[in-house]
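An overview of the molecular structure
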Amino acid sequence: MKVKTLPVAIAMTTAMSASLLAVSSIDNHAQAQEEEFRWKMVTSWPKNFPGVGQGPERLAELVDEMSGGRLTIEVFGAGQLVPGFEVFDAVSDGTAELGHSASYYWKGKAPAAQFFAAVPFGMNAQEMNAWLHFGGGMELWNELYDDFGVDVLVAGASGVQMGGWYNKEINSVDDLDGLKMRMPGLGGEVMNRMGVAIVNMPGGEIFTSLQSGAIDATEWIGPYNDLAFGLHQAADYYYYPGWHEPTVMFEAIVNEEAMAELPADLQAILRTAIRDVNANVLDEYTARNNDALETLVNEHDVELRRIPDDVLAQAREHSADVVAELAESSEIATRIYESYQAFQEKVEDYHAISEQAYYNARNPEGDSVE
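One numbering rule holds for all chains: residues counted from 1, following each sequence as written. Under the rules for a predicted model, residues below a pLDDT of 70 receive no local features and side-chain atom pairs below 80 are neither given nor counted, while totals for whole chains, interfaces and linings still include all residues. Hydrogens and water are ignored here; the side-chain numbers use all heavy atoms of the structure.

**Some words on the packing of helix α4 (residues 125-134) against helix α12 (residues 331-353)**
The axes used here are C-alpha line fits, helices contributing only the stretch in contact, and every angle between their N-to-C directions lies in the interval 0 to 180 degrees. In this description a helix means any DSSP run of H or I spanning at least four residues, a strand means any run of E spanning at least two, and both kinds are numbered starting from the N terminus. Viewed as axis vectors pointing N to C, α4 and α12 meet at an angle of 125°, and their least axial separation amounts to 10 Å. With respect to α12, the element α4 is oriented oblique. Seen along the crossing, α4 lies across α12 with a hand that is right-handed. Of the residues in α12, those in contact with Gln126, Glu127, Met128, Ala130 and Trp131 of α4 are Ile336, Ser339, Tyr340, Phe343, Val347 and His351. Classifying every residue of the contact of α4 with α12 gives 7 nonpolar, 3 polar and 1 charged. Oblique is the label for every angle not falling under 35 degrees (roughly parallel), over 145 degrees (roughly antiparallel), or within 65 to 115 degrees (roughly perpendicular). Working rule for handedness: look at the near helix, and if it is turned counterclockwise from the far one by less than a right angle, call the crossing left-handed; if clockwise, right-handed. The contact definition used throughout considers only heavy atoms, calling two residues in contact when any of these lie within 4.5 Å. Just so you know the grouping, Ala, Val, Leu, Ile, Met, Phe, Trp, Tyr, Cys and Pro go in nonpolar, Asp, Glu, Lys and Arg go in charged, and all remaining residues, Gly too, go in polar.

Structure below.
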């Protein structure tokens, strides 16, 4: 009687192959778990600067802790590795794997990037986060950056900013004519159309320029950061509201190739840490701004003033033109604007009976600052 051994042998061989593949898969996974990555992160802010500068530091700490040291990030302030306005290029060309900045600084490369930083009279931080995460905004932002070899994630928000510091009182639109002012983005273009000469410079140069008279006015972020920069020592008048920046959304830009080299779990850790920082930065500004404002007004005798109505009216009019022109500048700019505008209209409808209605009910006297 002949014993048929061939099927048995095949079965044994198949089982052994499957076992070897499983062992190989486990070994590869274990090797990936053991591999370590050392990244550099460049920023547009002074090292360890309160709020926006602390966001990158928190990100590095979270990633190190969550990854067990497998991914470590060395954070560089503006000018330490590259100038603050060269962060995008540094991440794009691989000089650094990661960057933290604001997208309106790259308007010369991608004009439509300004939509993702701040739109005058546009959406605030809460509304922007909703659009970015649930309204298609992040997909459009990443599409805009595709040609530059970087991915982007939103990584913090300032909340509504202040209207700026001036070395003279502003009583009407006429008082703006001929002023030299630091104001980036779309807000700067609006001010330019109102007779202001716009000067671009990173944050670290603002105080010296204002104090020396190289500029007559500036906006930075808000009381928490403005106090830290000592801007009250260079200008007496502090104006609100920050119509030009109802928030600035900060960005984490990641070199695509560096991201692809990370194992899936480290990619998830990085994304999760950035999402944490996105909320944390805004929370810190909300917690710190009023205390800083009281210090500026009560201890340093800063003149807190509301921007005159005619200035706001003209700013609103010019803003509509500036935004419309940007929307027509390219096919992708049109799509971004249409998505942005549709979401703003939708969220405004609801906020009229929720957020705004609640604020009105909570404070029926309205603006009682002065």
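Having seen the model, we can carry on.
**Describing the layout of surface pockets**
Residues are said to line a cavity or pocket when one of their atoms sits within 4 Å of a point; the points come from a 1 Å grid over protein atoms alone, cavities being sets where a 1.4 Å probe fits but cannot get out and pockets being open sets with protein on both sides within 12 Å along at least five of seven lines. Grid points are joined across faces, edges and corners, and a volume is the space filled by probe spheres set on the points. There is about 2000 Å³ of room inside the largest pocket. For the lining of the largest pocket, the secondary structure elements donating two or more residues are α4, α10 (264-298), β11 (303-306), α11 (309-327), α12 and α13 (355-362). Among the elements that make up the lining of the largest pocket, the one with the highest residue count is α10 (6 residues). Tallied by class, the residues present in the lining of the largest pocket amount to 19 nonpolar, 17 polar and 7 charged. Built from parts of two domains, the lining of the largest pocket gets at least three residues from each of domain 1 (37-158 + 247-286) and domain 2 (164-244 + 288-330). By volume, the second largest pocket amounts to about 210 Å³. Either an automatic procedure or a domain database provided the assignment from which the domain bounds are taken.

**Quick look at the domain arrangement of the protein chain**
Entries for the protein chain in the domain assignment read domain 1 (37-158 + 247-286) and domain 2 (164-244 + 288-330). For domain 1 and domain 2, the distance between their C-alpha centroids amounts to 25 Å. Contact residues are listed per partner, giving 22 residues for domain 1 and 26 residues for domain 2. Put simply, buried area is the surface a 1.4 Å probe can reach on two separate parts but cannot reach once they are joined, added for both. Between domain 1 and domain 2 the total buried area reaches about 2100 Å² when both faces are included, carbon and sulfur atoms providing 70% of it. Counting the surface domain 1 buries against domain 2, the share from its top three residues, Pro120, Phe121 and Tyr285, is 30%. The working definition used for a salt bridge is a side-chain nitrogen of Lys or Arg within 4 Å of a carboxyl oxygen of Asp or Glu. Joining domain 1 to domain 2, the criterion identifies 0 salt bridges.

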